[in-house]
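Geometric and topological summary
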Amino acid sequence: MNDCIFCGIARGVIESGKVYSGGDVFAFNDINPQAPVHIVVIPSQHIAKLEDAKDPAVFSQIFKAIDIIVKEKGLDKNGYRVVVNSGRDAGQAVPHLHFHILGGRTLNWPPG
Ligand code: AMP
Ligand code: ZN
(Lines give C-alpha, C1' and ligand atoms only; values in the text may rest on other atoms or scores of the structure.)
(Ligands and ions follow the chains in the order given, each with its own letter.)
Protein backbone atom coordinates (compact mmCIF):
# COMPACT_ATOMS: atom_id res chain seq x y z
CA MET A 1 0.00 0.00 0.00
CA ASN A 2 1.57 3.25 -1.14
CA ASP A 3 0.37 5.59 1.60
CA CYS A 4 0.94 3.15 4.47
CA ILE A 5 3.72 4.21 6.83
CA PHE A 6 4.55 0.66 7.93
CA CYS A 7 4.72 -0.55 4.31
CA GLY A 8 7.19 2.30 3.75
CA ILE A 9 9.24 1.19 6.76
CA ALA A 10 9.25 -2.45 5.59
CA ARG A 11 10.43 -1.35 2.13
CA GLY A 12 13.13 0.85 3.64
CA VAL A 13 11.79 4.07 2.09
CA ILE A 14 10.82 5.42 5.52
CA GLU A 15 13.60 5.39 8.10
CA SER A 16 13.25 3.30 11.23
CA GLY A 17 15.39 1.80 13.93
CA LYS A 18 15.50 -1.66 12.41
CA VAL A 19 15.71 -4.50 14.90
CA TYR A 20 15.05 -7.55 12.70
CA SER A 21 14.16 -8.59 9.20
CA GLY A 22 13.72 -12.08 7.89
CA GLY A 23 11.33 -13.84 5.55
CA ASP A 24 8.24 -11.68 5.34
CA VAL A 25 8.70 -10.01 8.73
CA PHE A 26 10.24 -6.67 9.73
CA ALA A 27 10.71 -5.24 13.24
CA PHE A 28 11.75 -1.79 14.42
CA ASN A 29 11.89 0.34 17.56
CA ASP A 30 8.66 2.18 18.35
CA ILE A 31 9.07 5.93 17.80
CA ASN A 32 7.13 6.67 21.01
CA PRO A 33 8.28 3.92 23.39
CA GLN A 34 5.99 2.97 26.27
CA ALA A 35 8.63 0.82 27.99
CA PRO A 36 12.45 0.59 27.99
CA VAL A 37 12.09 -1.97 25.20
CA HIS A 38 9.23 -1.28 22.76
CA ILE A 39 9.52 -2.97 19.40
CA VAL A 40 6.95 -3.16 16.60
CA VAL A 41 6.84 -6.39 14.56
CA ILE A 42 5.02 -6.35 11.22
CA PRO A 43 4.36 -8.57 8.23
CA SER A 44 6.19 -6.91 5.32
CA GLN A 45 3.09 -7.31 3.16
CA HIS A 46 0.19 -4.99 3.90
CA ILE A 47 -2.46 -6.58 6.13
CA ALA A 48 -4.76 -3.99 7.67
CA LYS A 49 -5.86 -5.73 10.83
CA LEU A 50 -5.73 -8.97 12.76
CA GLU A 51 -8.79 -10.63 11.28
CA ASP A 52 -7.54 -9.92 7.76
CA ALA A 53 -4.57 -12.27 8.33
CA LYS A 54 -5.90 -15.50 6.85
CA ASP A 55 -2.62 -17.33 6.23
CA PRO A 56 -1.29 -19.17 9.32
CA ALA A 57 2.23 -18.74 7.90
CA VAL A 58 2.00 -15.05 8.78
CA PHE A 59 1.64 -15.88 12.48
CA SER A 60 4.27 -18.56 12.38
CA GLN A 61 6.80 -16.12 10.93
CA ILE A 62 5.79 -13.30 13.26
CA PHE A 63 6.13 -15.44 16.40
CA LYS A 64 9.41 -16.90 15.20
CA ALA A 65 10.69 -13.32 14.89
CA ILE A 66 9.30 -12.41 18.32
CA ASP A 67 11.06 -15.41 19.86
CA ILE A 68 14.38 -14.35 18.31
CA ILE A 69 13.96 -10.70 19.33
CA VAL A 70 12.99 -11.32 22.97
CA LYS A 71 15.98 -13.60 23.43
CA GLU A 72 18.32 -11.14 21.72
CA LYS A 73 17.05 -8.33 23.99
CA GLY A 74 17.19 -10.54 27.09
CA LEU A 75 13.48 -10.11 27.75
CA ASP A 76 12.92 -13.83 28.26
CA LYS A 77 14.64 -13.53 31.66
CA ASN A 78 12.08 -11.31 33.43
CA GLY A 79 9.17 -11.37 31.01
CA TYR A 80 7.56 -9.17 28.43
CA ARG A 81 4.21 -8.50 26.78
CA VAL A 82 3.03 -8.92 23.17
CA VAL A 83 0.08 -6.71 22.23
CA VAL A 84 -2.05 -6.33 19.12
CA ASN A 85 -4.43 -3.39 18.95
CA SER A 86 -7.08 -4.21 16.35
CA GLY A 87 -9.67 -1.69 15.29
CA ARG A 88 -11.07 1.50 16.74
CA ASP A 89 -11.96 0.43 20.26
CA ALA A 90 -8.45 -0.91 20.81
CA GLY A 91 -6.98 2.38 19.60
CA GLN A 92 -5.24 0.95 16.53
CA ALA A 93 -3.58 4.03 15.07
CA VAL A 94 -1.73 2.50 12.12
CA PRO A 95 -3.88 0.33 9.82
CA HIS A 96 -1.13 -2.23 9.10
CA LEU A 97 -1.17 -5.29 11.38
CA HIS A 98 1.54 -5.00 14.03
CA PHE A 99 2.59 -6.72 17.21
CA HIS A 100 4.03 -4.62 20.02
CA ILE A 101 6.75 -6.20 22.18
CA LEU A 102 6.98 -4.37 25.51
CA GLY A 103 9.48 -5.12 28.21
CA GLY A 104 12.24 -3.91 30.48
CA ARG A 105 9.91 -2.85 33.30
CA THR A 106 6.99 -4.20 35.31
CA LEU A 107 3.87 -3.88 33.15
CA ASN A 108 0.51 -3.11 34.72
CA TRP A 109 -2.57 -5.26 34.18
CA PRO A 110 -5.28 -4.71 33.08
CA PRO A 111 -4.31 -2.20 30.41
CA GLY A 112 -6.58 0.83 30.05
P1 AMP B 1 -1.17 1.17 17.48
O2 AMP B 1 -1.73 2.23 18.38
O3 AMP B 1 -1.28 -0.20 18.03
O4 AMP B 1 -1.67 1.30 16.07
O5 AMP B 1 0.40 1.44 17.45
C6 AMP B 1 1.05 2.15 16.47
C7 AMP B 1 2.45 2.34 16.98
O8 AMP B 1 3.29 2.73 15.92
C9 AMP B 1 2.56 3.43 18.07
O10 AMP B 1 3.12 2.84 19.25
C11 AMP B 1 3.47 4.46 17.43
O12 AMP B 1 4.33 5.08 18.36
C13 AMP B 1 4.23 3.64 16.41
N14 AMP B 1 4.71 4.39 15.26
C15 AMP B 1 4.00 5.21 14.46
N16 AMP B 1 4.79 5.70 13.48
C17 AMP B 1 6.01 5.17 13.67
C18 AMP B 1 7.25 5.29 12.99
N19 AMP B 1 7.40 6.07 11.92
N20 AMP B 1 8.32 4.61 13.48
C21 AMP B 1 8.19 3.82 14.57
N22 AMP B 1 7.05 3.66 15.24
C23 AMP B 1 5.97 4.33 14.80
ZN1 ZN C 1 0.98 -1.31 5.13
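Residues numbered from 1 in each chain as written. Chains lettered and ligands numbered in written order. Predicted model: local features only at pLDDT ≥ 70, side-chain atom pairs only at ≥ 80, totals over all residues. Heavy atoms only, no water.

This part is about the sheet that holds strand β3 (residues 37-43). If you walk across this open sheet you meet the 5 strands as β1-β2-β3-β5-β4, and the pairing is antiparallel. This sheet does not close on itself; its edge strands, each paired only once, are β1 (18-22) and β4 (80-83). The mean angle between the axes of side-by-side strands here comes to 15°, regardless of whether they run parallel or antiparallel. In this structure, strand β2 (residues 25-29) lies alongside β3, joined through 5 bridges in antiparallel fashion. By the bridge assignment, Val25 is partnered in β3 with Pro43. The sheet strands contacting helix α2 (residues 56-72) are β1, β2, β3, β4 and β5 (99-103), and the helix crosses β3 at an angle near 155°. (Pairing = 2+ DSSP bridges. Helix = DSSP H or I, 4+ residues; strand = E, 2+ residues; numbered from the N terminus. Axes fitted to C-alpha atoms, helices over the stretch in contact; angles between N-to-C directions. Contact = heavy atoms within 4.5 Å.)

A few words on unusual backbone geometry. Geometrically, the link from Trp109 to Pro110 is a cis peptide bond, its omega value of 0° lying close to zero. On the secondary structure map, Pro110 appears in the segment after β5.

Now for the nonpolar core. Membership of the largest hydrophobic core comes to 19 residues, with the highest contact counts inside it found for Ile39, Val41, Ile69 and Ile101. Put simply, the parts of the chain that give this core at least two residues each are β1, β2, β3, α2 and β5. Among the elements that make up this core, the one with the highest residue count is α2 (6 residues). Contacts of Ile69, omitting those with residues within four sequence positions, involve Val19, Tyr20, Ala27, Ile39, Val41 and Ile101. (Core = buried A, V, L, I, M, F, W, Y, C linked by side-chain atoms within 4.5 Å. Buried < 20%, exposed > 50% of the residue type's maximum accessible area, 1.4 Å probe, protein only.)

The subject of this paragraph is the pairing of β3. Within β3, 7 of the 7 residues are buried, which leaves it mostly tucked inside the rest of the structure. Of the two faces of β3, the one carrying Val37, Ile39, Val41 and Pro43 and the one carrying His38, Val40 and Ile42 are both buried. Sheet topology note: the β3/β5 ladder contains 5 bridges and is antiparallel. Bridge pairing links Ile39 to Ile101 in β5.

The next subject is the coordination of the zinc ion (ligand 2). Taken together, Cys4 (SG), Cys7 (SG), His46 (ND1) and His96 (ND1) make up the full set of protein donors to the zinc ion (ligand 2), lying 2.0 to 2.3 Å away. The coordination sphere of the zinc ion (ligand 2) comprises 4 donor atoms, whose angles at the metal cover 106 to 116°; the geometry is tetrahedral. On the accessibility criterion, His46 (27% relative accessible area) is partly exposed. For His96, a relative accessible area of 0% gives the class buried. (Donors = N, O, S within 2.8 Å, 3.2 Å for Na, K, Ca; no water. Tetrahedral: all angles 85-135°; square planar, octahedral: opposite > 155°, others 65-115°.)

Turning our eyes to something else, we now look at the packing of aromatic side chains. All chains considered together, the criterion is met by 4 aromatic pairs. Taking 5.2 Å as the distance between ring centres and 70° as the angle between the ring planes, the aromatic pair formed by Phe6 and Phe28 counts as edge-to-face. Here Phe6 is found in helix α1 (residues 5-11), whereas its partner Phe28 is found in strand β2, with 22 residues between them in sequence. Relative accessible area serves as the criterion here: at 4%, Phe28 is assigned to the buried category. Ring centres of Phe26 and Phe28 lie 6.2 Å apart, and the angle between their planes is 40°; this geometry places the pair in the tilted category. Of the two residues examined, Phe26 and Phe28, each falls in the buried class. (Phe/Tyr/Trp six-rings, centres within 6.5 Å; stacked < 30°, edge-to-face > 60°.)

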